[in-house]
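Overview (structure and organization)
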Amino acid sequence: MTTKEQHGWIDPYEKIWITVAIVVLVGMVAALTVASVAFGIQVPVPEKRVDPNSIAQDANSPFSEPGLRELGNGKYEAYLVGQTWNWNPKEITVPVGSTVTFFITSKDVMHGFMIWNTNLNIMVIPGEVSRVTITFEKPGEYPYICNEYCGIGHQTMAGKVIVE
Ligand code: CUA
């Protein structure tokens, strides 16, 4: 055994790649930090679990009456139910500058909820409630669509947020 093969010795190329791996790792963590702090990117977490079969009937569930709830101070909660092949409700109207927290679930299969011209894009999974918050700074119409293929009528799953 030569001294170079002994314990504790690292090949120069190995050292370069270890350095590269550390630099990439630090870069990724920095990018993630910038994304979450500067651009407000939120990692989706399931808000809670629900029974997709009874969610629309259960009078104790906010999803039995989907729609907008005003909390005051420009804050709103929007409860949406996705099903093949529509969103309930199809339309939400809020004043400009409103902060809306969406609570979305599915009655049947997996859907995707995305609002055009925003960074809001979240999976909608039966049995789970997805929560995401957004502030509408500019007036206009913000169409929302399903972006997760969910069957023959997938392309008809659309609605809009009207910001006035
Ligand atoms: Cu719902 Cu595609």
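Definitions and limits used
- Residues numbered from 1 in each chain as written.
- Predicted model: local features only at pLDDT ≥ 70, side-chain atom pairs only at ≥ 80, totals over all residues.
- Heavy atoms only, no water.
- Pairing = 2+ DSSP bridges.
- Helix = DSSP H or I, 4+ residues; strand = E, 2+ residues; numbered from the N terminus.
- Domains from an automatic or database assignment.
- Phe/Tyr/Trp six-rings, centres within 6.5 Å; stacked < 30°, edge-to-face > 60°.
- Buried < 20%, exposed > 50% of the residue type's maximum accessible area, 1.4 Å probe, protein only.
- Axes fitted to C-alpha atoms, helices over the stretch in contact; angles between N-to-C directions.
- Patch = residues over 30% accessible without salt bridge, like charges linked within 9 Å, V, L, I, M, F, W, Y side chains within 5 Å.
- Areas by Shrake-Rupley, 256 points an atom, 1.4 Å probe, with all protein chains shown as cover.
- Salt bridge = Lys/Arg side-chain N within 4 Å of Asp/Glu carboxyl O.

Focus on the pairing of strand β10 (residues 140-146)
By the bridge criterion, three bridges tie strand β7 (residues 111-115) to β10 in an arrangement that is antiparallel. Across the sheet, the residue bridging to Ile-115 is Tyr-144, located in β10. Two elements, β10 and strand β11 (residues 158-163), share six bridges in a ladder whose sense is antiparallel. Within β11, the position partnered with Tyr-142 by the bridge is Val-161.

A word on the domain arrangement of the protein chain
Annotation of the protein chain at the domain level lists domain 1 (3-37) and domain 2 (46-163). Between the C-alpha centres of domain 1 and domain 2 the distance comes to 42 Å.

Regarding the packing of aromatic side chains
All told, the structure shown has six aromatic pairs when counted by the stated rule. Between Phe-113 and Tyr-144, the ring centres sit 5.0 Å apart and the planes meet at 45°, which makes this aromatic pair tilted. Of this pair, Phe-113 sits in strand β7 while Tyr-144 sits in strand β10; the two residues are 31 residues apart in sequence, bridging distant segments of the chain. The pair formed by Phe-113 and Tyr-144 is uniform in burial state, with each residue classed as buried. Through pairs of rings, three or more aromatic residues link up here, namely Trp-87, Phe-102, Phe-113 and Tyr-144.

Details of the sheet that holds β11
The five strands are arranged β5-β11-β10-β7-β8 in an open sheet whose pairing can be described as mixed. Each edge of the open sheet is held by one strand with a lone partner, namely β5 (91-94) and β8 (121-124). When strand polarity is set aside, the average angle formed by the axes of neighbouring strands in this sheet is 20°. Across four bridges, the pairing between β7 and β8 is antiparallel. Its bridge partner lying in β8, His-111 is registered against Val-124.

With respect to a nonpolar patch on the surface
On the surface, Tyr-13, Ile-16, Trp-17, Val-20, Val-24 and Met-28 cluster together into a nonpolar patch covering about 690 Å² of accessible area. Within the secondary structure, Trp-17 is located in helix α1 (residues 12-37).

Some points on unusual backbone geometry
The peptide bond linking Thr-84 to Trp-85 adopts the cis configuration, its omega dihedral lying at -5°. One can find Trp-85 in the loop between β3 (75-83) and β4 (86-88). That bond from Asn-88 to Pro-89 is cis: its omega, 0°, falls within 30 degrees of zero. By secondary structure assignment, the location of Pro-89 is in the loop between β4 and β5. For Asn-73, which is not glycine, the phi dihedral falls at a positive 55°. Positive phi outside glycine occurs at Asn-117, with the angle close to 60°. Look at Asn-117 and you get exposed, because its relative accessible area is 69%.

Details of the environment of Ile-41
Residue placement: Ile-41 occurs in the loop between α1 and β1 (46-49). The spatial distance from the C-alpha of Ile-41 to the C-alpha of Asn-117 is 15 Å, given a sequence separation of 76 residues.

Focus on the pattern of salt bridges
Inspection of the entire model under this criterion finds three salt bridges. Between Glu-47 and Arg-131 there is a salt bridge, with the nearest N and O atoms lying 3.2 Å from each other. Here Glu-47, found in strand β1, pairs with Arg-131, found in strand β9 (residues 128-135); they are 84 residues apart in sequence, far enough to count as distant. The exposure class of Glu-47 is partly exposed, given its relative accessible area of 36%. For Arg-131, a relative accessible area of 41% gives the class partly exposed. Glu-141 serves as the salt-bridge partner of Lys-160, at 3.5 Å between the closest nitrogen and oxygen. A residue pair is termed long-range when its members are at least 10 positions apart, and Lys-160 in strand β11 and Glu-141 in strand β10 qualify at 19 residues.

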